[in-house]
Structure formats: structure tokens, C-alpha cells
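One-letter residues, chain by chain:
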Amino acid sequence: TFSPNHPLEPPCATLRTPIYHPSVDLEGRVCQPLTTKVHWEPTTRAVQGGHRGDRQGHSAGGTSLTFPP
């Protein structure tokens with residue numbers, strides 16, 4: 001999700017499906033240093049690479065997020 005203050009605040013990602021992963025807490029929140037307020041820069045882009053043919057997701061603000069295949 002993107003807050004109304006984006007890009008001044010980082011987006012937040014929460015997984016609905018339970019998963020064991022070192023970057024996902026027990027509530028399903030994705031915990032990455034890049035998306036913490038300490039490390040977030042307003043110039044950071046929501047799209048970080050990807051290849052043609054990847055599945056695309058879209059936020060309410062129209063920013064494209066690239067998911068791995």
C-alpha cells in the first residue's frame with residue numbers, strides 16, 4: 001500500500017498467505033531495510049527492475065510494481 005504522503009513515506013507490503021521467510025514477520029509484513037523510514041528516500045522508485053513478461057501489479061496511485069515470475 002502507498003500512504004497519501006508517498007513518496008515522502010515508504011510503501012508497506014503485507015503478505016496474505018503465511019510464509020516462513022527471514023524478511024517477513026509473523027503478521028505477514030515484509031521487513032526490508034529499503035522500505036523503512038530510516039532508509040527511505042523520496043527519490044526511491046517503486047519499480048526496481050524486472051523483465052518483459054513479468055506479472056505487473058498496480059497501486060491505487062497508478063505506480064507499477066514488478067513481481068518476479
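Remember, predicted model here, so these are calculated numbers, not experimental data.

Asker: Can you help me understand the overall build of the protein chain in this one?
Answerer: Of the regular secondary structure elements, the protein chain holds zero helices and two strands. Per-residue burial for the protein chain yields a buried fraction of 14% across its 69 residues. Total accessible area on the protein chain is roughly 5800 Å²; 58% of this is exposed by carbon and sulfur atoms.

Asker: Looking at this model, I keep getting lost on the pattern of salt bridges. Mind explaining?
Answerer: A side chain of one charge can pair with a side chain of the opposite charge if their charged atoms are brought near each other. Across all of its chains, the model carries one salt bridge by this definition. A salt bridge links Arg-29 to Asp-25, with the shortest nitrogen-to-oxygen separation between them at 2.9 Å. Residue classification places Arg-29 among the partly exposed positions, given a relative accessible area of 40%.

Asker: How should I be thinking about the confidence of the model for the protein chain in this particular structure?
Answerer: Atom-level detail of predicted coordinates should not be read off regions where pLDDT is low. With 67% of its residues at a pLDDT of 70 or more, the protein chain shows a mean pLDDT of 74. Within the model, pLDDT remains below 50 along residues 49-69, and this stretch shows 28 contacts once partners closer than five positions in the same chain are excluded.

Asker: Teacher, can you tell me more about the environment of Arg-45 here?
Answerer: As for its position among the elements, Arg-45 is in the segment before strand 1 (56-58). Note: C-alpha distance between Arg-45 and Pro-7 (38 residues apart in sequence) is 8.7 Å.

Criteria and cut-off values
- Residues numbered from 1 in each chain as written.
- Predicted model: local features only at pLDDT ≥ 70, side-chain atom pairs only at ≥ 80, totals over all residues.
- Heavy atoms only, no water.
- Helix = DSSP H or I, 4+ residues; strand = E, 2+ residues; numbered from the N terminus.
- Buried < 20%, exposed > 50% of the residue type's maximum accessible area, 1.4 Å probe, protein only.
- Areas by Shrake-Rupley, 256 points an atom, 1.4 Å probe, with all protein chains shown as cover.
- Salt bridge = Lys/Arg side-chain N within 4 Å of Asp/Glu carboxyl O.
- pLDDT = per-residue confidence, 0-100.
- Contact = heavy atoms within 4.5 Å.

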